[in-house]
Amino acid sequence: MTSLAEIWPPFGLTLTTPRLTIRPVLDEDIPSAVAAARSGVHEPGKSPFSMPWTELPDDELAPNMAQWYWRCRANFTKDSWTLLLGVWHDDELLGVQDVGAKSFTTLKTVSTGSWLKQSAQGQGFGKEMRAAVVSFAFDHLGAEVAESEAAVWNQQSLGVSTSLGYELNGTFRDGWGEKVEEVQRVRLTPTTFTRPHWTLKVQGHEELKTYLTL
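Residues numbered from 1 in each chain as written. Predicted model: local features only at pLDDT ≥ 70, side-chain atom pairs only at ≥ 80, totals over all residues. Heavy atoms only, no water.

1. Quick word on the overall build of the protein chain
Moving on, step 1. Each helix and strand counted, the protein chain has seven helices and nine strands in total.
Moving on, step 2. On C-alpha atoms alone, the protein chain measures out to a radius of gyration of 17 Å, which is about the 17 Å that the 2.2 N^0.38 rule sets for 214 residues.
Moving on, step 3. Principal axes of the C-alpha set define a box for the protein chain whose edges measure 45 × 40 × 30 Å.
Moving on, step 4. Relative to all contacts within the protein chain whose residues are 6 or more apart in sequence, the contacts with residues 24 or more apart total 63%. (Helix = DSSP H or I, 4+ residues; strand = E, 2+ residues; numbered from the N terminus. Rg over C-alpha atoms; globule rule 2.2 N^0.38 Å. Contact = heavy atoms within 4.5 Å.)

Laid out in structure tokens, this is it:
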């Protein structure tokens, strides 16, 4: 029987680091992602996200998350795509790391974003999962630039970026929900990337690269 990964190659991707397994969120993983988000991602009223989805009531949070995963799959094209990758440690879903691009064939640029439940924060998982997707983008997709951004007060996220070699790339003001935030852009290239001491293991990348570049 034809597998789901053969039908939709992004589902076949798996990234493995010393502590983490990172792979696309499947429908059966959505309840675990909802539970992780409901357990708490940040202090109340201190959302680090441009869309404050974590502040939704519980009865709205779950369908909102499910719709987001489905929307990203439905809108996935060679020109514009977002991969939502679940992050597992010892079979426990800790959060989600995304990597996406627009006009990737031309620009060779990816952007990243992520979240971790609070109980998993402060243990280096955020740096490990970001290093994994950046390594994957540079070494297996041929990306030339990786970009990210965070509110200027979010030193945890910006600290991960600078520790991996990202350079500051300007600030801008943006509306995040009902608040105005000063946002710091950061930029990384293969030459500025501070690579981890471990080697990323990758499965399913050839099929995905073919799917994205044909």
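Now that the structure is up, let's keep going.
2. Re the pairing of strand β7 (residues 167-176)
Moving on, step 1. The pairing of β7 with strand β8 (residues 179-188) spans eight bridges and is classified as antiparallel. Bridging from a neighbouring strand, Leu168 pairs with Val186 of β8.
Moving on, step 2. Where β7 hands over to β8, the hairpin turn is made up of two residues, of which Gly177 adopts a positive phi near 65 degrees. (Pairing = 2+ DSSP bridges.)

3. A few points about the packing of aromatic side chains
Moving on, step 1. Per the counting criterion, the structure on display carries six aromatic pairs.
Moving on, step 2. With centroids separated by 4.9 Å and ring planes inclined at 70 degrees, the aromatic side chains of Trp8 and Phe11 adopt a geometry described as edge-to-face.
Moving on, step 3. Under the relative-accessibility criterion, Phe11 is labelled buried at 18%.
Moving on, step 4. Between Phe138 and Phe193, the aromatic rings sit 5.9 Å apart at their centres with planes inclined by 65 degrees, giving edge-to-face as the arrangement. Here Phe138, found in helix α5 (residues 125-140), pairs with Phe193, found in the loop between β8 and β9 (201-203); they are 55 residues apart in sequence, far enough to count as distant.
Moving on, step 5. The exposure class of Phe138 is buried, given its relative accessible area of 7%.
Moving on, step 6. Since its relative accessible area comes to 7%, Phe193 is described here as buried.
Moving on, step 7. What links up through ring pairs into an aromatic cluster is the set Trp8, Phe11, Phe76, Trp81, Phe104 and Tyr211.
Moving on, step 8. Looking at Arg23, its charged tip hangs above the ring of Trp88, at a distance of 3.9 Å from the centre.
Moving on, step 9. The ring of Tyr211 has Lys78 lying over it, and the distance from NZ or CZ to the ring centre is 4.8 Å. (Phe/Tyr/Trp six-rings, centres within 6.5 Å; stacked < 30°, edge-to-face > 60°. Buried < 20%, exposed > 50% of the residue type's maximum accessible area, 1.4 Å probe, protein only. Lys NZ or Arg CZ within 6 Å of the ring centre and 35° of its normal.)

4. Some words on unusual backbone geometry
Moving on, step 1. Look at Asp90: it is not a glycine, yet its phi comes out positive at around 50 degrees.
Moving on, step 2. Tracing the backbone shows Asp90 in the loop between β3 (80-89) and β4 (92-102).
Moving on, step 3. With phi around 65 degrees, Asp91 is a residue other than glycine that occupies positive phi space.
Moving on, step 4. Within the secondary structure layout, Asp91 lies in the loop between β3 and β4.

5. Re the packing of helix α2 (residues 30-38) against helix α3 (residues 58-74)
Moving on, step 1. At a minimum axis distance of 10 Å, the contact between α2 and α3 shows a crossing angle of 135 degrees. The pairing of α2 with α3 is recorded here as oblique in orientation. In the crossing of α2 with α3, the sense of the turn from one axis to the other is right-handed. Counted together, Ile30, Ala33, Val34, Ala37 and Arg38 of α2 and Asp58, Leu61, Ala62, Met65, Ala66, Tyr69 and Trp70 of α3 form the full contact between these two elements. (Axes fitted to C-alpha atoms, helices over the stretch in contact; angles between N-to-C directions. Parallel < 35°, antiparallel > 145°, perpendicular 65-115°, else oblique. Left-handed = near helix turned anticlockwise from the far one by under 90°.)

6. Notes on the packing of α5 against helix α6 (residues 155-163)
Moving on, step 1. Orientation of α5 relative to α6, taken along the N-to-C sense of each, is 50 degrees, at an axis distance of 10 Å. With respect to α6, the element α5 is oriented oblique. As for how α5 packs across α6, the hand of that crossing is right-handed. Packed against α5, whose contacting residues are Gly126, Lys127 and Arg130, the element α6 presents Ser157, Val160, Ser161 and Ser163 at the interface.
Moving on, step 2. When the residues that make up the contact of α5 with α6 are grouped by side-chain class, the tally is one nonpolar, four polar and two charged. (Nonpolar A, V, L, I, M, F, W, Y, C, P; charged D, E, K, R; others polar.)

Any link to function would need more than the numbers given here.
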